[in-house]
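Inside the fold
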Amino acid sequence: MNTIQNIAKFSTKEKTFVTIGTFDGVHFGHQKIIEKLVKEAKKANRKSVLLTFFPHPRMVLQKDNSLELINTIEERAELLEKTGLDYLIIHPFSKEFSRMTALEFVRNILVNQLNISKLIIGYDHHFGKNREGNIVQLTEYSHLYDFVVEEIPAQDIDDVSVSSTKIRRALATGNLKTANDYLGYNFMLNGNVVNGKKLGGKIGFPTANIDVKETYKLIPKTGVYVVKSNIDDKTVFGMMNIGNRPTVDGKHQTIEVHFFDFNKNLYDKNITIELLYFLRDEEKFSSLESLIKQLKKDENIARDYIQNNL
């Protein structure tokens, strides 16, 4: 897959099959559209193109700082890499770009820039200035500019029963199994390991503090999770706490991972954490001794889960 950061940098004499969207989560519903695109493009000897935008339009048009996305743009690209697409185009979304009319978008972007032969889109897709473009206009323009439009029927999407909103809701409520089932892979957090208070090491549970730099990345419900990571080409399991560490009067949210049977220095290393299982809610304990006792219980439960399910 070729990844292109601006549509202006894309050029081809070959005809293309295209799909457009945010594709946050690259979940089963998205995968159904992409699989269809890739399969049909190969059959017709065309190139498959997925056009997406970053930042998310709501961040630009509504200054929505509360928006939480399942994937960072880097994670999304990594997931799309596995789908068999020929091209991923990540176009910078701006207010100027948002003012493009539906006709201008079709003519300038789809026809002139992408050399489109077929457009495959999800049900009820809107585009262009004020989201004025819809399937009716797309069909009209497709006759004018000689390309085919195929809309995935609502029934097909409903059959999958997956949406990014449902996944976000599941993650926010600690329903990790549902979220991972819908995604078709384990939800992940990525960040650099930074210095913490080093309290974990003093109580026998040294932790790697993960700094997720993307403020728009969804952080799941506070609590303790069973996790895994790939470090130096080795799979390492552990347990992670997301929360404010109320037992030691923590003032802000942290993400701390205690890896099992692992003692390498991870400071400044960038690592990806996959969330496997939600163990329990965060609690405030009456003493450090009570906390240590609970952490030992958590570790036993986590190790049992890993041994019996993975």
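Described below are features of the structure shown in this document.

The rules we used
- Residues numbered from 1 in each chain as written.
- Predicted model: local features only at pLDDT ≥ 70, side-chain atom pairs only at ≥ 80, totals over all residues.
- Heavy atoms only, no water.
- Core = buried A, V, L, I, M, F, W, Y, C linked by side-chain atoms within 4.5 Å.
- Buried < 20%, exposed > 50% of the residue type's maximum accessible area, 1.4 Å probe, protein only.
- Helix = DSSP H or I, 4+ residues; strand = E, 2+ residues; numbered from the N terminus.
- Contact = heavy atoms within 4.5 Å.
- Phe/Tyr/Trp six-rings, centres within 6.5 Å; stacked < 30°, edge-to-face > 60°.
- Pairing = 2+ DSSP bridges.
- Axes fitted to C-alpha atoms, helices over the stretch in contact; angles between N-to-C directions.
- Parallel < 35°, antiparallel > 145°, perpendicular 65-115°, else oblique.
- Left-handed = near helix turned anticlockwise from the far one by under 90°.
- Nonpolar A, V, L, I, M, F, W, Y, C, P; charged D, E, K, R; others polar.

Phe 187, Ile 210, Met 240, Phe 259, Ile 273 and Leu 275 are the most contacted members of the largest nonpolar core, which totals 54 residues. Ranked by residues supplied to this core, first place goes to helix H1 (residues 28–43) with five residues. Met 240 has contacts with Leu 189, Gly 223, Val 224, Tyr 225, Val 227, Ile 255, Glu 256, Val 257, Ile 273 and Leu 275, leaving out every residue within four places of it along the chain. Phe 93, Ala 102, Ile 109 and Tyr 141 belong to the second-largest nonpolar core, a separate cluster that totals 27 residues.

Moving on, we get to the packing of aromatic side chains. To describe a pair of aromatic rings, one takes the distance between the centres and the angle between the planes. Tallied over the entire structure, the rule returns nine aromatic pairs. Centre to centre, the rings of Phe 93 and Phe 97 are 5.9 Å apart; their planes meet at 70 degrees, and the pair counts as edge-to-face. An identical accessibility class is assigned to Phe 93 and Phe 97; each is buried. A ring pair is formed by Tyr 225 and Phe 278, whose centres lie 5.0 Å apart and whose planes are at 75 degrees; its orientation type is edge-to-face. Residue Tyr 225 is located in strand S9 (residues 223–231), and its partner Phe 278 is located in strand S12 (residues 270–280); the two are separated by 53 residues in the primary sequence. Judged by its relative accessible area of 18%, Phe 278 is buried.

What follows is about the sheet that holds strand S4 (residues 87–92). The sheet built from six strands is open, its strands ordered S1-S4-S3-S2-S5-S6 with parallel pairing. Both edges of this open sheet fall to strand S1 (2–4) and strand S6 (148–151), since each of them pairs with a single strand only. Strand-to-strand twist across the sheet, computed as the mean angle between neighbouring axes with direction ignored, equals 20 degrees. The sheet strands contacting helix H3 (residues 73–80) are strand S3 (47–54) and S4, and the helix crosses S3 at an angle near 170 degrees.

Here we take up the packing of helix H5 (residues 102–113) against helix H6 (residues 135–145). As a packed pair, H5 and H6 sit with axes 11 Å apart at the nearest point and diverge in direction by 50 degrees. Between H5 and H6, the crossing angle belongs to the class labelled oblique. In this structure, H5 crosses over H6, and the sense of that crossing is right-handed. Taking contact as the criterion, the partners of Ala 102, Leu 103, Val 106, Arg 107 and Val 111 in H5 are, on H6, Gln 137, Leu 138, Tyr 141 and Tyr 145. Tallied by class, residues from the contact of H5 with H6 come to seven nonpolar, one polar and one charged.

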